[in-house]
Amino acid sequence: MKQRSKVTFEDVQSAAERLYRIAHRTPIATSRTLNELVGAQVYCKCESLQRAGAFKFRGAYNAVSQLNDEQQRRGVVAYSSGNHAQALALVGRLLHTPTVIVMPNDAPEVKLAATKGYGAEVVLYDRVEQKREVIARQLGEERGLTLIPPFEHPHIIAGQGTAALELLTDVPDLDVLIVPIGGGGLISGCSIAAHTLKPDLRIFGVEPDTANDTFLSLQKGEIVSTPQSHSIMDGLLPTAPGELTFSIMRRHLEAVALVTDGEAANAVRFMLMRLKLLVEPSGAAPIAALLAGQIPNVKGKQIGVVLSGGNVDAGKLAEMLASHEAT
């Protein structure tokens with residue numbers, strides 16, 4: 001798979017063509033209560049209802065479908081805390097491509113079980129003591145597998161951008177777009193699509209306050225690494241953005257908001273009780289930022305939010321629901 005250092009709007013459009021009738025065109029949810037609390041019109045792009053339960057299916061399919069026949073036959077390898085793992089495992093099953101996934105030994109059980117259920121081979125590692133990238137590259141070299149990274153690849157980024165392409169097609173008059181940030185693949189692709197369609201759109205990212213590598217990197221103007229976080233927002237815990245994603249985020253983001261685990265848990269409860277949507281803490285981070293007043297100057301605006309995933313462990317969900325009376 002030939003890599004390029006640039007991602008264009010045309011790449012996002014091509015990804016949309018590949019994903020047509022394969023990925024779900026996820027719905028947009030609204031809530032009068034949410035609108036009243038925020039003082040704005042909020043449109044939630046429900047990637048929690050995407051295949052494999054998260055936006056990651058978009059990028060994974062776009063990447064693997066562009067491999068040549070020999071690469072698809074030999075198989076792919078990836079590293080992921082869960083959603084990219086599940087997505088790639090499902091894509092492997094759809095395209096008859098063997099998949100090997102390097103996952104942390106503390107990955108949510110629901111994500112681990114789903115990844116295995118789709119037929120992938122799972123290799124566990126200790127995220128504190130070991131480097132997942134090193135393990136994946138070694139497996140790739142030993143077995144002749146193609147590495148499909150979770151965010152730092154043009155085909156991945158272009159695929160993720162189709163979420164914003166759909167959102168702005170359905171709601172073209174957005175003033176603000178809010179997207180969670182892990183490694184930056186989703187917000188990078190969405191930013192390219194969004195600013196092509198609406199150049200004056202304000203774009204905000206959201207990170208856990210204990211995994212604020214992109215926030216710090218944008219402040220410093222260069223990539224900053226942070227210690228490994230154990231936030232409940234497990235999909236947003238890379239310790240640094242990628243070079244490609246950082247270069248895109250620098251051009252497109254107005255700011256990055258930081259949210260706490262408590263705020264994320266509150267957002268999960270709110271979305272479940274008010275909108276009847278099951279959203280994992282990572283996916284609920286933008287709602288958490290809005291409810292906590294972390295996004296400036298949104299009163300009276302039209303706000304698009306990407307709910308990036310809905311794969312939450314049942315035990316963790318029960319803890320979040322029991323820890324505080326729902327809003």
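In what follows, the accompanying structure is described. What you see is a predicted model; the values in this text were computed from it and never measured.

1. Quick word on the overall build of the protein chain
If you tally the helices and strands in the protein chain, you get 14 helices and 10 strands. The globule rule puts the C-alpha radius of gyration for 327 residues at 20 Å, and the 18 Å found for the protein chain is close to it. Expressed as lengths along the three principal axes of its C-alpha atoms, the size of the protein chain is roughly 55 × 45 × 40 Å. Across the 327 residues of the protein chain, 59% fall into the buried class. In the protein chain, the share of contacts with a sequence separation of at least 24, taken over all contacts with a separation of at least 6, comes to 74%. Surface summary for the protein chain: the accessible area is close to 13200 Å², and the carbon and sulfur share equals 48%.

2. As for the nonpolar core
Within the largest apolar cluster, 38 residues are counted, with the highest numbers of intra-cluster contacts made by Ile178, Met271, Ile303 and Leu307. When near neighbours in sequence (up to four residues on either side) are disregarded, isoleucine 178 contacts Phe204, Val206, Pro286, Leu290, Ile295, Ile303, Gly304, Val305 and Val306.

3. Side note on the sheet that holds strand β7 (residues 176-180)
In space, the 6 strands of this open sheet follow the order β1-β2-β10-β7-β8-β9, with mixed pairing throughout. The sheet terminates laterally at β1 (28-29) and β9 (255-259), the two strands that pair on one side only. Where β7 and strand β8 (residues 202-208) come together, 5 bridges link them in parallel fashion. Directly across from isoleucine 178, in β8, lies its bridge partner phenylalanine 204.

4. Thoughts on the sheet that holds strand β3 (residues 76-79)
Pairing is parallel across the open sheet formed by 4 strands, whose spatial order is β5-β4-β3-β6. Since the sheet does not close on itself, it has two edges, and those belong to β5 (121-125) and β6 (146-147), each with one partner. Where β3 lies against strand β4 (residues 99-104), 4 bridges are found, and the strand directions are parallel. Residue pairing across strands places alanine 78 opposite isoleucine 101, the latter belonging to β4. The sheet strands contacting helix α5 (residues 83-95) are β3 and β4, and the helix crosses β4 at an angle near 170 degrees.

5. A closer look at helix α6 (residues 109-117)
Those residues of α6 lying buried are Lys111, Leu112 and Thr115. On an axial view of α6, the arc spanned by its buried residues comes to 100 degrees, and they lie on one face. Buried residues along α6 sit against α5, β4 and β5. Residue glycine 119 follows α6 closely and has a positive phi angle near 105 degrees.

6. Overview of the pattern of salt bridges
What the rule picks out here adds up to 11 salt bridges. Ionic pairing is found between lysine 45 and glutamate 166, a salt bridge with its closest N-O pair at 2.7 Å. Placement of lysine 45 in strand β2 (residues 41-46) and of glutamate 166 in helix α8 (residues 154-170) is noted, with a sequence separation of 121 residues between them. Assigned by exposure class, lysine 45 and glutamate 166 land together as buried. Two residues, arginine 74 and glutamate 70, come together in a salt bridge whose shortest N-O distance is 3.8 Å.

What counts and how
Residues numbered from 1 in each chain as written. Predicted model: local features only at pLDDT ≥ 70, side-chain atom pairs only at ≥ 80, totals over all residues. Heavy atoms only, no water. Helix = DSSP H or I, 4+ residues; strand = E, 2+ residues; numbered from the N terminus. Rg over C-alpha atoms; globule rule 2.2 N^0.38 Å. Buried < 20%, exposed > 50% of the residue type's maximum accessible area, 1.4 Å probe, protein only. Contact = heavy atoms within 4.5 Å. Areas by Shrake-Rupley, 256 points an atom, 1.4 Å probe, with all protein chains shown as cover. Core = buried A, V, L, I, M, F, W, Y, C linked by side-chain atoms within 4.5 Å. Pairing = 2+ DSSP bridges. Axes fitted to C-alpha atoms, helices over the stretch in contact; angles between N-to-C directions. Arc of directions from axis to C-beta. Salt bridge = Lys/Arg side-chain N within 4 Å of Asp/Glu carboxyl O.

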